[in-house]
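Here's the letter readout for the chains.
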Amino acid sequence: MMRSRQTPFFRICLFAGLLAVLTGCAAVGPDFVRPEAQAPAEWTQPVVDGLSTSPNILVEWWRILDDPVLNELVATARLNNNTLEIAGLRVLEARAQLGIATGLQFPQAQVASGSADYVSPPENSGVTSNYWQLGLGAGASWEIDFWGRFRRGIESADAAFMASIAAYDQAQVLLTAAVVDLYAVIRATEEQLRISRENITIQQRSFDIAQVLYDNGNDSELDMQQAKTLLLSTQATVPGLEISLAQARNALSTLLGQAPGTVKNILQQGQGIPGLPADIAIGIPADMLRRRPDVCAAEYQAMALNAQIGLAKADLYPSFSLTGSIGLSSNTLGDADFGDLFSSNALSWSIGPSFVWPFLNYGRIKNNVRVQDARLQQALVNYRETVLQAAREAEDAMASYIGSQRQNDILAETVESARRSNELSTLRYSEGFSDYDRVLNAQQALFNQQQRFITNRGAIVRSVVALYKSLGGGWENRDGLPYINPETLELMQQRTDWGKLIEEYTPDEENQGMFRKADW
């Protein structure tokens, strides 16, 4: 008798073990092949003085501007910026999603149940009294990963997790570039305001002279009105520059996660438009592709969608499960009582395999596979496009830097020439050797050329910002920089048990970050 009861159980266990072994079979669907999108071997822009193809160090590239105020602003932004914190929260979300996918490898359903029912049977049942029906039980169901459905799901979730980290890194790149760019705009606008006020002083003096000469009958009203027109025209530039300056400061405050106006005090410690080093190392195009987080994110997104094809294909095949349950049942009829619930006679159990095969799906499963394949191809094309855009951005930034540097030398000489012209025309007019038109033209030319010169100096710094952003600089120094603000983490931990997921995760070099364990 003992043998006859154990034989079916033994066969079921053998079947389950065989299924477990078969889960090691190759998962259905294509394995990911890294897309080929080679960067050009060399830059198309000429590498002139000020640029070099030596290996670049971009960890904290903004420090080459040698501006302590700027360094403080960048550090503050990286700690407090809300957009960056959202990107960090998405990393945490993707890590939890990976835990869900990993957990699906194990028995997908485990339940415990219990009941206590007071039964009043009908009179024709033969039972003449009411009674209690008691039960305790537990059940489990495990779908064997025969076709690699769950392994592909982990692969997809893991790639999505890595893509979220790359997106966080890209957010750091964009934030740093935005802070430095706004800082350059602010300093250039402040310098333009200074130049405007200097020229207002010069033109006010000329207008006063023209006014006195006109009042004394020694000059025409035309000269006086022309001087007034030039003065008012220059004065009119000040409100516009003040508006631009206030807006830029407000934008910078927002990047720092602060209320508008809070950066005004720290900006008062500044030293004008930042200077540039004599040499900027830009490396080679291949370095750019290895470093840019958006290129890495595009690759990981393609990897995640590639795994989704295998996930969809697994639905074409039958799924095998092993289901089991065990229970205790008793009632208070006759001589039975509550204690009988835990006797051997109250025990019942079942275990056995099952399979499900949706063979009549009217093409839905195949079309889902096609959908996933189309999405993968979109991601691969997006990867190629991201690489092309990265190369274009770098080339554009280099062209802007080179052109602005050349223009700067010319404009510096132009300003000196305009300043000298203003001095000579004013002297000749005061001595009566030339008319007032020469003075007006010289003063207007001086103001215009000074404004162009300052605008171009700001453009040089901004082109350097664009260059380093295109090269993917500014994300590598994550040391001491949490994905999420500590105050936010504390608030989240008060709401939810986050376990070890709250820690910072990095890729596993041995298996390239795949199949991380779930946090239970």
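Definitions and limits used
- Residues numbered from 1 in each chain as written.
- Predicted model: local features only at pLDDT ≥ 70, side-chain atom pairs only at ≥ 80, totals over all residues.
- Heavy atoms only, no water.
- Pairing = 2+ DSSP bridges.
- Helix = DSSP H or I, 4+ residues; strand = E, 2+ residues; numbered from the N terminus.
- Expected span 1.5 Å × (residues − 1).
- Contact = heavy atoms within 4.5 Å.
- Axes fitted to C-alpha atoms, helices over the stretch in contact; angles between N-to-C directions.
- Parallel < 35°, antiparallel > 145°, perpendicular 65-115°, else oblique.
- Left-handed = near helix turned anticlockwise from the far one by under 90°.
- Nonpolar A, V, L, I, M, F, W, Y, C, P; charged D, E, K, R; others polar.
- Phe/Tyr/Trp six-rings, centres within 6.5 Å; stacked < 30°, edge-to-face > 60°.
- Salt bridge = Lys/Arg side-chain N within 4 Å of Asp/Glu carboxyl O.
- Buried < 20%, exposed > 50% of the residue type's maximum accessible area, 1.4 Å probe, protein only.
- 1 Å grid on protein atoms, 1.4 Å probe; cavity = no way out; pocket = protein on both sides within 12 Å on 5 of 7 lines; lining within 4 Å.
- Points joined across faces, edges and corners; volume = space filled by probe spheres on them.
- Patch = residues over 30% accessible without salt bridge, like charges linked within 9 Å, V, L, I, M, F, W, Y side chains within 5 Å.
- Areas by Shrake-Rupley, 256 points an atom, 1.4 Å probe, with all protein chains shown as cover.

K.L.:
Got a sec to walk through the pairing of strand β3 (residues 131-143)? Specific residues and values, please.
P.N.:
Looking at chain direction, strand β2 (residues 109-119) and β3 are connected through eleven bridges and run antiparallel. Each residue of the ladder has a partner; that of Gln110, found in β3, is Ala140. Sheet topology places β3 next to strand β5 (residues 319-331); eleven bridges connect them, and they run antiparallel. Bridge pairing in β5 places Gly137 opposite Gly327.

K.L.:
An account of helix α10 (residues 436-470) is needed here, citing residue identities and associated values.
P.N.:
Helix length check: α10, at 35 residues, gives a terminal C-alpha distance of 50 Å against a target of 51 Å (1.5 Å per residue), a fit within 8%. After α10 finishes, the residue Gly472 shows a positive phi value of roughly 80°.

K.L.:
If you had to explain the environment of Ala94 to someone new, which residues and values would you point to?
P.N.:
Relative to the elements of secondary structure, Ala94 occurs in helix α3 (residues 82-103). Residues within four places of Ala94 in sequence aside, it is in contact with Ala160, Phe161 and Ser164.

K.L.:
For the packing of helix α4 (residues 149-215) against helix α8 (residues 293-313), give the residues involved together with the corresponding values.
P.N.:
Two packed helices can be described by the angle between their axes and the distance between those axes. Direction vectors running N to C along α4 and α8 enclose 165°, while the axes themselves pass 8 Å from each other. As far as their axial angle goes, α8 and α4 are roughly antiparallel. Read as a crossing pair, α4 and α8 show a hand that is left-handed. By residue class, the composition of the contact of α4 with α8 is 15 nonpolar, seven polar and five charged.

K.L.:
Run through the sheet that holds strand β6 (residues 347-356), naming residues and quoting values.
P.N.:
With antiparallel pairing, four strands are arranged side by side in an open sheet as β2-β3-β5-β6. Every interior strand has two partners, whereas the edge strands, β2 and β6, have only one. If you compare each strand with its neighbour and ignore which way they point, the axes differ by 15° on average.

K.L.:
Give a detailed account of the packing of aromatic side chains, specifying residues and quantitative values.
P.N.:
In this description, a pair of aromatic rings is defined by centroid distance and the angle of the planes. Taken as a whole and assessed by the stated rule, the structure comprises seven aromatic pairs. One aromatic cluster is present, formed by Phe146, Trp147, Tyr317, Phe320 and Phe355 through successive ring pairs.

K.L.:
Explain the packing of helix α5 (residues 221-255) against α10 to me, and be specific about the residues and the numbers.
P.N.:
With their axes 9 Å apart at the nearest point, α5 and α10 run at an angle of 15° to one another. One element, α5, and the other, α10, form an angle in the roughly parallel class. Here the hand of the crossing between α5 and α10 comes out left-handed. In this structure, α5 contributes Asp223, Gln226, Ala227, Leu230, Thr234, Thr237 and Leu241 to the contact, and α10 contributes Tyr436, Asp437, Leu440, Gln443, Gln444, Phe447 and Gln451. Of the residues assigned to the contact of α5 with α10, the class counts are six nonpolar, six polar and two charged.

K.L.:
Describe in detail the pattern of salt bridges, supporting the description with residues and values.
P.N.:
Taken as a whole and judged by the stated rule, the model has 18 salt bridges. The residue Glu191 makes a salt bridge to Arg194 at a minimum N-O spacing of 2.3 Å. With Glu191 and Arg194 both in helix α4, this residue pair falls three residues apart, about one helical turn. What makes Glu191 buried here is its relative accessible area of 16%. When its relative accessible area of 36% is taken as the criterion, Arg194 is described as partly exposed. Residues Arg292 and Asp294 are paired through a salt bridge, measuring 2.6 Å at the closest nitrogen-oxygen approach. Residue classification places Arg292 among the buried positions, given a relative accessible area of 4%. For Asp294, a relative accessible area of 18% translates into the label buried. Via salt bridges that share partners, Asp31, Arg152 and Glu155 belong to a single interconnected network.

K.L.:
Give me empty space enclosed by the protein: which residues, what numbers.
P.N.:
Within this structure, the stated rule accounts for one cavity of 30 Å³ or more. Volume-wise, the largest cavity comes out at about 40 Å³. Looking at the largest cavity, the residues that line it are Glu143, Ile144, Asp145, Phe146, Trp147, Arg149, Phe150, Ala314, Pro318 and Ser319. Considering only residue class, the lining of the largest cavity consists of six nonpolar, one polar and three charged.

K.L.:
Describe a nonpolar patch on the surface, listing the residues and the values that go with them.
P.N.:
Among the surface-exposed residues, Phe355, Trp357, Phe359, Leu360 and Tyr362 lie close enough to one another that they form a single nonpolar patch of about 710 Å² accessible area. Looking at the secondary structure, you find Phe359 in the loop between β6 and α9 (364-430).

Everything listed here is a matter of coordinates, which is why it stays silent on function.
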